[in-house]
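# Structural overview for review
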Amino acid sequence: MRTLLFLLTALAVIGSGFWAYRENYATQAELDRTQELRREIGAARERLAILRAEWAYLNRPDRLRDLANLNFDRLGLLPLRPDQFGRVDQVAFPMPEQIDITQPIDVTSAGADQ
């Protein structure tokens, strides 16, 4: 009788130890998954903050006027008054020159001009 009681107690201890180990392993796996998700969420929030900052910069009302002033000669922009535009698609650009794409470009003469 004592041997049977000892054997049942030993099996209960081994079984509860195995169950505790399995639960601990599953909990650790879930904690690792949670940490990975937190890292991904943090990275996504950083990307979102960068995109919001870029959008705020691009959406400034005076940005287009600043660009026109900085690149007036380089882009060949026509002079603009602030009441002439509200959006980028309203900027009057000169017509681009027609370029023949079938003719090769001579890069040696292009470098000599500069």
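For every chain, the first residue of the written sequence is number 1, and numbering continues from 1 onward in sequence order. pLDDT decides what is reported in this predicted model: residues at 70 or higher carry local features, side-chain atom pairs at 80 or more are listed and counted, and totals for whole chains, interfaces and linings draw on all residues regardless. To get the side-chain values, take all heavy atoms of the structure and skip hydrogens and water.

## Brief notes about the overall build of the chain
Put simply, DSSP marks the helices as runs of H or I at least four residues long and the strands as runs of E at least two long, and each gets a number from the N terminus on. The helix and strand inventory of the chain stands at 4 helices and 0 strands. Element order for the chain, N to C, with α for helix and β for strand: α-α-α-α. When burial is assessed residue by residue, the chain has 6% of its 114 residues classed as buried. Total accessible area on the chain stands at roughly 10,900 Å², and carbon and sulfur atoms take up 61% of it. Relative accessibility thresholds used throughout: buried, under 20% of the residue-type maximum; exposed, over 50%; partly exposed, between the two (1.4 Å probe, protein chains only). The Shrake-Rupley method, run with a 1.4 Å probe sphere, supplies the accessible areas, and residue values consider only the shown protein chains as cover.

## Re the pattern of salt bridges
Whenever a carboxyl oxygen of Asp or Glu lies within 4 Å of a side-chain nitrogen of Lys or Arg, that contact is scored as a salt bridge. Inspection of the entire model under this criterion finds 2 salt bridges. Residue Glu30 is joined to Arg33 by a salt bridge in which the shortest nitrogen-to-oxygen separation is 3.6 Å. With a gap of 3 residues between them, Glu30 and Arg33 both fall in helix α1 (residues 2-58), about one helical turn apart. We classify Glu30 as partly exposed; its relative accessible area is 43%. Glu36 is paired through a salt bridge with Arg39; the nearest N and O atoms lie 3.1 Å apart. Taken together, the residues span about one helical turn, with Glu36 and Arg39 both in helix α1 at a distance of 3 residues. Owing to a relative accessible area of 36%, Glu36 belongs among the partly exposed residues under this scheme.

## Section: a nonpolar patch on the surface
Patch membership requires more than 30% relative accessible area and the absence of a salt bridge. Residues of like charge join within 9 Å; the nonpolar side chains Val, Leu, Ile, Met, Phe, Trp and Tyr join within 5 Å. There is a patch of nonpolar side chains on the surface, built from Leu4, Leu7, Leu8 and Leu11 and spanning about 400 Å² of accessible area. Within the secondary structure, Leu8 sits in helix α1. On the accessibility criterion, Leu8 (49% relative accessible area) is partly exposed.

Interpretation in functional terms is not warranted from these geometric data alone.
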